[in-house]
Every structure is written in structure tokens, then in C-alpha cells.
Amino acid sequence: EASRDATDWENVLQAAAQFAKEELGDDRSGHDWWHTHRVVTMARKLSRLEGADQRLSAAAAWLHDVADEKLNPSKEAGLQKVKNWLEEQPISEVDSRHIMEIISTMSYNAGSNPPMRTLEGKVVQDADRLDAIGAIAIARTFVYAGWKGDPIYDPDIEPRISMTSEEYRNGKSPAVNHFYEKLLKLKDLMNTATARSIAEERHRYMEEFLARFHIEWSGE
Ligand code: ADP
Ligand code: NI
């Protein structure tokens, strides 16, 4: 597209990284700037391998958690903040709307959001979800639980394998339960073949971690 070629993407992406740093830099809930940085790197790689527009994916990835409702007064307030920022950028209306569509619909939401419409959306959602499974995901989950004041584990509280998005949003679960309630489901929810194959391996690693966790818990 002509509009896309006219965009100085290098500048826009640099500004997006800076904006994300200002907004998320000192986050301690596992959604900090380095989470976003990893999602951008993965989104670029998936875009390359899946044939998506790398620059648009990278822009959406930089902005995806700035609007997170957990880190803002409301979902609307978070999205408005990103919308205002995009309006200041020299990018086309079409690209701006595409980025807003991606970041407003990519959240897990207990698996109840409709599938992402565009390839760029699929890729950015996969990149975010890949950061939620594997070794780093284990660290993030315990950090998040600590941030919220949840315990590591409580054998008296059963994981709730199926939850409505409402229950998911309002519920409190020990960190280990979150693996069963969300993280172990993610590998089957990947949009692209590339992400699926990365997910398989990370998934196995989490299963091994959980097996050892329960062995040590029981004092065997
Ligand atoms: P999304 O980015 O798809 O909206 P979240 O922001 O809810 O997903 O989750 C991102 C990561 O934060 C999860 O993969 C997990 O590591 C951590 N997390 C989110 N909710 C919880 C929870 N209730 N308990 C423990 N960790 C959580
Ligand atoms: Ni994220």
C-alpha cells in the first residue's frame, strides 16, 4: 500500500518502544517492558516465517500491554491512551485502526474472544501467548501471584479448569492452579504452525516442572 510505504516505520517503532518503556518500565506484575520486548522479538520472527507484515506486528506488539485492563483504571481508559498516542504518529488511519483492533481483542479472556481476524493479529497473539508458557512463564506466574497477594499453592483449593471470562477475571487462584486454569491450555490455542511447534516444547517443560513441584510438595 502507498500509505504504508509513506510511513517512517523506523521512527514509529522507536517511539512505540519508548512509549511502552514509559508506561510499563517499572511494572512488577509480569507485564513489564522486557515482557513486551520479548513479545516484539517473537512477533517479528513469527511474522517473517508466516508472511505477516513485520512492522505492523511489531507496532502492535510494542503497544499491546500499555492498554491492559489489569494495569489501567478500565479497559476503555487503557485503549484511549493508546488511541491518543497513535493519533500523534505519522501512520495511516487504516494501520492505526488495525493496531487498535489487534490490541483490543487479543487478550486471553478465558478463551472466549473470537479468533483474530488478520494474520498480524494472529502472530502478535501467538507471541504474547508464547511468553506465557515455558521457563519465563513459570517465573512470570509466581511474580504475578505475589503481586496480587496469592499463595504459591494451596492443595485445598482445586483448580477450576473451565471458567467463564467473568469468573476468570474476578477469581483468585494460587499460582500453581493458574497453570491448569490457563497456561496448559495455550498450546492448543496457537494460531500459527510456527508458534504451535515452539509451544509444544515449552509446554512439556511446564509439565515437567509441575510434576517435580507435586513430588517435592508431597515430601517424597
Ligand atoms: P493476556 O496477556 O492474554 O491478557 P494475562 O495478562 O492475564 O494474559 O496473563 C499474562 C501472564 O500473567 C500469564 O501468562 C501468567 O503468567 C500471569 N498471570 C495472569 N493471571 C494470573 C493469575 N491469576 N495467577 C498467576 N499468574 C497470572
Ligand atoms: Ni502481554
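Preceding this paragraph is the structure being described.
Quick notes on the rules
- Residues numbered from 1 in each chain as written.
- Chains lettered and ligands numbered in written order.
- Predicted model: local features only at pLDDT ≥ 70, side-chain atom pairs only at ≥ 80, totals over all residues.
- Helix = DSSP H or I, 4+ residues; strand = E, 2+ residues; numbered from the N terminus.
- Rg over C-alpha atoms; globule rule 2.2 N^0.38 Å.
- Buried ≥ 20, exposed ≤ 12 C-beta atoms within 10 Å, placed from the backbone.
- Contact = placed C-beta atoms within 7 Å.
- Near = placed C-beta within 6 Å.
- Nonpolar A, V, L, I, M, F, W, Y, C, P; charged D, E, K, R; others polar.
- Expected span 1.5 Å × (residues − 1).
- Axes fitted to C-alpha atoms, helices over the stretch in contact; angles between N-to-C directions.
- Parallel < 35°, antiparallel > 145°, perpendicular 65-115°, else oblique.
- Left-handed = near helix turned anticlockwise from the far one by under 90°.
- Core = buried A, V, L, I, M, F, W, Y, C linked by C-beta atoms within 7 Å.

This brings us to the overall build of the protein chain. Each helix and strand counted, the protein chain has 11 helices and 0 strands in total. Taken over C-alpha atoms, the radius of gyration comes to 18 Å for the protein chain, in line with the 17 Å a tight globule of 220 residues would show. The dimensions of the protein chain, computed from C-alpha atoms along their principal axes, are 65 × 35 × 30 Å. Looking at the protein chain as a whole, 33% of its 220 residues are labelled buried. Here the contacts in the protein chain between residues at least 6 apart in sequence split such that 63% fall between residues at least 24 apart.

Moving on, we get to the site of ligand 1. Around ligand 1 sit 14 residues, and of these Ser107, Tyr108, Ala132, Tyr144 and His178 come closest. Sort the elements by how many residues they give to the shell around ligand 1 and helix 8 (residues 135–148) lands first, with 5 residues. When its residues are assigned to classes, the shell around ligand 1 shows 7 nonpolar, 5 polar and 2 charged.

Spanning 18 residues, helix 3 (residues 33–50) covers 25 Å between terminal C-alpha atoms, matching the ideal 26 Å at 1.5 Å per step. Among the residues of helix 3, those classed as buried are His35, Thr36, Val39, Val40, Met42, Ala43, Leu46 and Ser47. Next to the buried residues of helix 3 lie helix 2 (9–24), helix 4 (54–63), helix 7 (119–130) and helix 11 (193–217). Gly51 sits one or two residues past helix 3 and shows a positive phi near 80 degrees.

Compared with the 36 Å implied by 1.5 Å per residue over 25 residues, the 36 Å span of helix 11 between its first and last C-alpha is a close match. Of all the positions in helix 11, only Ala195, Ile198, Ala199, Arg202 and Met206 are classed as buried. At its buried positions, helix 11 is contacted by helix 3, helix 7, helix 8 and helix 10 (175–181). In the segment just after helix 11, Gly219 is the residue with positive phi, at about 80 degrees.

Relative to each other, helix 2 and helix 4 sit at 15 degrees, their axes nearing to 8 Å. With respect to each other, helix 2 and helix 4 are oriented roughly parallel. The two elements helix 2 and helix 4 meet at a crossing, and its hand is left-handed. Here Trp9, Val12, Leu13, Ala16, Ala17 and Ala20 of helix 2 come into contact with helix 4, specifically with Arg55, Ala58, Ala59, Trp62 and Leu63. Class assignment of the residues belonging to the contact of helix 2 with helix 4 gives a composition of 10 nonpolar, no polar and 1 charged.

Turning next to the environment of Pro115. Mapped onto the elements, Pro115 comes out in the loop between helix 6 (93–105) and helix 7. It is 9.9 Å that separates the C-alpha atoms of Pro115 and Gln125, two residues lying 10 residues apart in sequence.

Our focus in this paragraph is the nonpolar core. Nonpolar side chains in soluble globular proteins generally cluster together in the buried interior. Core analysis: the biggest nonpolar cluster contains 43 residues, and Ala43, Ala60, Ala61, Leu63 and Ala127 have the highest contact counts within it. It is helix 4 that contributes the most residues to this core, 7 residues altogether.

One can describe the packing of helix 4 onto helix 6 by two numbers: an axis separation of 9 Å at closest approach and a directional angle of 50 degrees. Relative to helix 6, the element helix 4 lies oblique. Crossing of helix 4 against helix 6: the hand is right-handed. Touching Leu56, Ala59, Ala60 and Leu63 of helix 4 are Asp95, His98, Ile99, Ile102 and Ile103, all from helix 6. Of the residues belonging to the contact of helix 4 with helix 6, the class tally is 7 nonpolar, 1 polar and 1 charged.

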